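Per-entry structural report
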Amino acid sequence: MSTPHNNAKKGDIAETVLMPGDPLRAKFIAENYLENPVCYNEVRGMLGFTGTYKGKRISVQGSGMGMPSIGIYSWELFNEYDVKNIIRVGTAGAIADNVNLRDIIIGLSASTNSNFASQYRLPGTYAPTASWDLIDAAVMVAQERDCPFHVGNILSSDTFYDDAASLADWKKMGVLGIEMEAAALYMNAARAGKNALCILTVSDCPLKGLSTSAEERQTSFRNMMEIALDAAVLLP
Ligand code: HPA
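Remember, predicted model here, so these are calculated numbers, not experimental data.

**Considerations on the pairing of strand S9 (residues 195–205)**
Here S9 lies mainly inside the structure; nine of its eleven residues are buried. Here nine bridges tie strand S5 (residues 85–94) to S9, and the two strands are oriented parallel to one another. Looking across to S9, one finds that Asn85 is bridged to Asn195. Sheet topology note: the strand S6 (residues 104–112)/S9 ladder contains three bridges and is antiparallel. Within S9, the position partnered with Ile106 by the bridge is Ile199. Summarising the sheet, S9 and strand S10 (residues 210–211) pair through two bridges and their orientation is antiparallel. Paired with Asp204 across the two strands is Ser211, which belongs to S10. Counting the residues in the hairpin turn of S9 and S10 gives four residues, including Gly209, whose phi is positive at 70°.

This is the structure in structure tokens:
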């Protein structure tokens, strides 16, 4: 069995999948953290690997950028491959004043300017929310590390280059940071009765005009990856 976007066979993919946006990041994670990684997908270059980490079978696959892309890949993982948990690992722009470059954000919930939720025909506004078991595991692991982290609402935006410059309005509502995928991931998980979480490292502060160097990004990326992997190990 395969899908239009994934030629993995049933059983090739672990119950828990880490998803960076960049498929080459997935390759990096597989090669640096997983034992015996096996590549299960190369369709459209959206590389996916399965291996073991601290004895637990884990997969890592790219999601691409934006909600339509992660919407496709996560839907297939949840509904065609029996994946139970997806942890997105990515970068974010800081919005709240107390969120600094290289901090970690654990996305408790994801506001969005996207129309993704309209497919569910709900008579109101849906609140895309992460799964408690994954939040609990990630917070437990993050507390043991020497790295500032925040847990709260993030913004999943359809635009990276936004003409409306609306970040100050989201900031008034306590939103911590901006990225482009979590809301769709959380909705797909909810609809499939599965679990999802988004863990982010702050790569830039658009309201303050700050950004990290490539080297700094690598270090904070490692912190985030290790939180995601150690949290994955704690899952039942
Ligand atoms: N906007 C959207 N996504 C992002 C940003 C941003 O400023 N920084 C990192 N991911």
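From this point, the discussion proceeds with the structure in view.
**Digging into the site of the ligand**
Every residue close to the ligand is listed here: Thr91, Ala92, Gly93, Phe160, Ile178, Glu179, Met180, Ser203, Asp204 and Pro206. At 3.4 Å, a backbone N or O of Thr91 approaches a nitrogen atom of the ligand. Here Asp204 contributes a side-chain N or O atom positioned 2.9 Å from a nitrogen atom of the ligand. Bound to the protein, the ligand loses 88% of the 260 Å² it would expose on its own. A per-element tally of the shell around the ligand places S5 first, with three residues. Within the shell around the ligand, the residues separate by chemical class into five nonpolar, three polar and two charged.

The rules we used
- Residues numbered from 1 in each chain as written.
- Predicted model: local features only at pLDDT ≥ 70, side-chain atom pairs only at ≥ 80, totals over all residues.
- Heavy atoms only, no water.
- Buried < 20%, exposed > 50% of the residue type's maximum accessible area, 1.4 Å probe, protein only.
- Helix = DSSP H or I, 4+ residues; strand = E, 2+ residues; numbered from the N terminus.
- Pairing = 2+ DSSP bridges.
- Near = heavy atom within 4 Å.
- Polar contact = N/O pair within 3.5 Å; in protein donor to acceptor, adjacent residues only side chain to side chain.
- Areas by Shrake-Rupley, 256 points an atom, 1.4 Å probe, with all protein chains shown as cover.
- Nonpolar A, V, L, I, M, F, W, Y, C, P; charged D, E, K, R; others polar.

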